[in-house]
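Coordinates in review
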Amino acid sequence: MRKFIFFILVIIGSVSVAPTYGQEYRTHEVKAGETIYSISKQYGVTEQAIYALNPDAKNGLRSNTVLIIPSESTAAVQEKVTFKKHRVKRKETLFSIAQRYNITVDDLKKYNKELYSRPLKKGERIQIPIIEIVPTDNTSVTNIETNTSNKGKHTVQPKETKYGIARKYGITIAELETLNPMIGENLQIGTVLNVPKDPVMESATIEDENFEFYEVLPKEGFFRLKVKLGLSQEEIIALNPYAEAGLKEGMILKIPKESASDDGSKTVIVNLEDGISNYKKKKIAVMLPFQLTKSDRDSLKNNADLIRDNGALRVALDFYSGVLLAAEFAKDKGISVEIDVYDTEGKLDKVSSIISRNDFSDVDAVIGPLLRRNVERAASELKRTDTPIFSPLSNREIKISANLFQTLPSDEMLQKAMLEYLRDNSEGKNIIIISDSKKASQKAALLSAMPGAKALTPREKGFFYDTDISSKLDATRENWVILESVDPVIVANVVGLLNGMPDTVTIRLFTLDKNDAYNYHDVSNLHLAKLNFTFPSVSKSYNYKDKNAFLVSYKNKYNVLPNRFAVRGFDVAYDILLRLAVADDVYDANDPKVETEYIENKFRYTKKMFSGYQNNALYIIKYNQDLQFEVVE
């Protein structure tokens, strides 16, 4: 996320130190020509001790900069500081963040010096110091263990590593290194290490070459490891029984090599319901064109006529009905949801008015508006609060801001996916490309991907004869006909001719773009089904015979089965709510390898460079002989 970097000089008059360390400090104002070495000699402390308390000094000293110097009595023990990143959320303060990580406000400011001169900014990432007290080089290991009652020794054997030894005793690499500060990177056989008294595993080595060690990273729980490694909680615990008490940062796990060697390119379909951990109330804003100013409070008939005659209003109402049901499903999972609903009236200035008159700083996500220009306006104006905007129904080319999630794959993505499918599966097929003049670019792309394909164009009057197509067919192998046209007459003509070919000829029909021409009244669905018509789509279609929880609940609530807009409202909203429930916010929940799927839609967002997030998940659909849409890929 965004970083705000300020180069400032800070003069520290006094330093607040965590009382558990019991250390005393002095300050030193750097003079011209001084170095860390000369200052360390002046105060009788090590350079490392000064660097531990003043990490910025590694970048060079400036005159008048104030350094924190440990007293000689504490110089034998120094702070080892490592860092983790924290993304500032709405309503967080320096005090609340410090409390969360068990550090002081001064610690936060010390390692994020810009915070001395300005307040926190929502969405920025700051450094969180992880401070450990470790002995310096001239301090014996026994000093750090004086108060440790649970002591043990381990003699390093051949083939043993720090990972294996840490795993054997149920500690992290950092804890092993704290117990043995002189350990170094490579272990020498015969070295005696300080370890906990009781091991949790029998061996410090892995005999089976099909397994290896994995170190748990910050914020990684069983759910994230399932996404990353493809291993369930049960499988991880079976291999690492001590993990049953929970995972912690730095824990060493034994895992199959094939899991660890995953290059990250494989997409994992995940059920986010299994990873719910954030039960804080979710606040969602919905912006849709309800056009309430046109409604008539005194006439049901007039309102019914308004809904019947206003397509945008029907879409908004259907979509919103799905959103409401998603909130109910989330409630059943223990997630409390607050929904603020705004009527955009479909107007650009109304969107601006809504945002200027309301506080969106504590809103977790905005669903809507519907129109492209309204989405762009909302995303632009809410960028200052880093409020995520989800564009629910438009896949037109859109200016994607850093806080915008485009929930629909673009037409270009659909055509690219279909082209790849055809190229990868066309070997041994007789490929015939039928296209009109408006689809010249698609024809060129197809011929480039499949150079051996045969190409056909309509006659002068815009139609084909039977012989035009039959002469290109091959009775000895499967014929794949790719039809690229926006003309309903041409589409109806070709579909009818293909359907009339002899049964001895195997034909399958494809297109890169299933447009409105395929809905023309002369284009028979029976014919399309017989030809196993295959096309790319942003969604699949549910089977009304299915008795899944959503369909049953929707029918019970509204006394009708949901249309595609209602289903999309549910899928988009439920996915957002679950993402908020498995992470701190939708930004942290995003993983380009993770794909989620619901009733008719699936989602896999990737971050676009210098802009927002794009859903890349789509379907390749086939119309089967039962007049049902079947997912091919």
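Note: the structure precedes this text.
Notes on the structure follow.

Criteria and thresholds
Residues numbered from 1 in each chain as written. Predicted model: local features only at pLDDT ≥ 70, side-chain atom pairs only at ≥ 80, totals over all residues. Heavy atoms only, no water. Helix = DSSP H or I, 4+ residues; strand = E, 2+ residues; numbered from the N terminus. Contact = heavy atoms within 4.5 Å. Areas by Shrake-Rupley, 256 points an atom, 1.4 Å probe, with all protein chains shown as cover. Pairing = 2+ DSSP bridges. Core = buried A, V, L, I, M, F, W, Y, C linked by side-chain atoms within 4.5 Å. Buried < 20%, exposed > 50% of the residue type's maximum accessible area, 1.4 Å probe, protein only. 1 Å grid on protein atoms, 1.4 Å probe; cavity = no way out; pocket = protein on both sides within 12 Å on 5 of 7 lines; lining within 4 Å. Points joined across faces, edges and corners; volume = space filled by probe spheres on them. Nonpolar A, V, L, I, M, F, W, Y, C, P; charged D, E, K, R; others polar. Axes fitted to C-alpha atoms, helices over the stretch in contact; angles between N-to-C directions. Parallel < 35°, antiparallel > 145°, perpendicular 65-115°, else oblique. Left-handed = near helix turned anticlockwise from the far one by under 90°. Phe/Tyr/Trp six-rings, centres within 6.5 Å; stacked < 30°, edge-to-face > 60°. Salt bridge = Lys/Arg side-chain N within 4 Å of Asp/Glu carboxyl O.

A short note on the overall build of the protein
Counting secondary structure elements, the protein contains 22 helices and 25 strands. Restricting the contact set of the protein to residue pairs at least 6 apart, pairs at least 24 apart contribute 69%. For the protein, the accessible area works out to roughly 32200 Å², and carbon and sulfur atoms hold 49% of it.

Some thoughts on the pairing of strand E20 (residues 594–597)
Here strand E9 (residues 268–269) runs beside E20; their pairing, made up of 2 bridges, is parallel. Bridge pairing in E20 places Val 268 opposite Val 594. Two strands pair when backbone bridges link them, and E20 and strand E21 (residues 602–603) are joined in this way by 2 bridges, in the antiparallel orientation. Considered in E21, the bridge of Thr 596 is made with Phe 603. The antiparallel hairpin formed by E20 and E21 contains 4 residues in its connecting segment.

A short note on the nonpolar core
Ranked by internal contacts, the top residues of the largest apolar core, which has 52 residues, are Ile 284, Leu 288, Phe 550, Phe 570, Tyr 574 and Ile 576. Those elements that provide at least two residues to this core are helix H8 (222–229), strand E10 (282–288), helix H12 (311–332), strand E12 (365–367), helix H20 (549–558), helix H21 (564–582) and helix H22 (586–589). Per-element tally for this core: the top contributor is H21, with 13 residues. Here Phe 570 is in contact with Gly 322, Val 323, Leu 325, Ala 326, Phe 329, Phe 550 and Ile 599, once residues within four sequence places are set aside.

Regarding empty space enclosed by the protein
The probe, sized like a water molecule, is rolled over the atoms to show the empty space still left. In total, this model carries 2 cavities of 30 Å³ or more according to the counting rule given. What the second largest cavity holds in volume is close to 30 Å³. Tallied by class, residues from the lining of the second largest cavity come to 4 nonpolar, 1 polar and 1 charged.

A word on the sheet that holds E9
Strand order across the open sheet formed by 3 strands is E9-E20-E21, with mixed pairing between neighbours. Looking at which strands have only one partner, the edges of the open sheet turn out to be E9 and E21.

Section: the side chain of Lys 622
Along the chain, Lys 622 turns up in strand E24 (residues 619–623). Among residues more than four places away in sequence, those in contact with Lys 622 are Arg 508, Asn 532, Phe 533, Thr 534, Gln 628, Phe 629, Glu 630 and Val 632.

Here's the deal with unusual backbone geometry
At the junction of Gly 368 and Pro 369, the peptide bond is cis and its omega measures out at -5 degrees in the coordinates. Secondary-structure assignment places Pro 369 in the loop between E12 and helix H14 (372–381). The phi dihedral of Lys 159 falls on the positive side, at around 75 degrees, and the residue is not glycine. Along the chain, the position of Lys 159 falls in the loop between strand E5 (151–155) and helix H6 (162–168). Positive phi, close to 60 degrees, is recorded for Asp 386, a residue that is not glycine. A relative accessible area of 1% means that Asp 386 is categorised as buried.

A short note on the packing of helix H15 (residues 411–425) against helix H16 (residues 440–449)
Interhelical geometry of H15 versus H16 gives an angle of 30 degrees and a closest axis separation of 10 Å. In terms of orientation, H15 lies roughly parallel with respect to H16. Considering how the two elements wind past one another, H15 and H16 form a crossing that is right-handed. Residues Gln 415, Leu 419, Leu 422 and Arg 423 of H15 form the contact with H16, whose own contacting residues are Gln 442, Ala 445, Leu 446 and Ala 449. When its residues are assigned to classes, the contact of H15 with H16 shows 5 nonpolar, 2 polar and 1 charged.

Re the packing of helix H13 (residues 348–357) against H14
Packed helix pairs are specified by the crossing angle of their axes together with the interaxial distance, meaning the distance between the axes. One can describe the packing of H13 onto H14 by two numbers: an axis separation of 9 Å at closest approach and a directional angle of 25 degrees. Classified by the angle their axes make, H13 and H14 are roughly parallel. Crossing geometry of H13 relative to H14 is assigned as right-handed. In this structure, H13 uses Leu 348, Val 351, Ser 352 and Ile 355 to contact H14, whose residues at the interface are Arg 373, Asn 374, Arg 377, Ala 378 and Glu 381.

Brief notes about H13
For H13, the full list of buried residues reads Val 351, Ser 352, Ser 353, Ile 354 and Ile 355. Buried residues in H13 make contact with E10, strand E11 (337–343) and H14.

Let's talk about the packing of aromatic side chains
Counted under the stated rule, the structure contains 23 aromatic pairs. Relative to Phe 360, the ring of Tyr 342 has its centre 5.6 Å away and its plane inclined at 40 degrees; by these criteria the two rings are tilted. Of this pair, Tyr 342 sits in strand E11 while Phe 360 is found in the loop between H13 and E12, placing the two residues 18 residues apart along the sequence. For Tyr 342, a relative accessible area of 15% translates into the label buried. With centroids separated by 5.8 Å and ring planes inclined at 50 degrees, the aromatic side chains of Phe 550 and Tyr 554 adopt a geometry described as tilted. Taken as a pair, Phe 550 and Tyr 554 lie in helix H20 at a separation of 4 residues, close to a single helical turn. Both residues of the pair, Phe 550 and Tyr 554, belong to the buried class.

A closer look at the pattern of salt bridges
All told, the structure shown has 25 salt bridges when counted by the stated rule. A salt bridge links Lys 89 to Asp 584, with the nearest nitrogen and oxygen atoms 3.3 Å apart. In this pair, Lys 89 is assigned in the loop between strand E3 (77–87) and helix H3 (94–101) and Asp 584 in the loop between H21 and H22, connecting sequence segments 495 residues apart. Residue Asp 584 is classed as partly exposed on the basis of its relative accessible area, which comes to 29%. The shortest N-O distance in the salt bridge between Asp 584 and Arg 100 comes to 3.8 Å. Placement of the pair is Asp 584 in the loop between H21 and H22 and Arg 100 in helix H3, with a sequence separation of 484 residues. Several salt bridges converge on common partners, so that one network encompasses Lys 89, Glu 92, Arg 100 and Asp 584.

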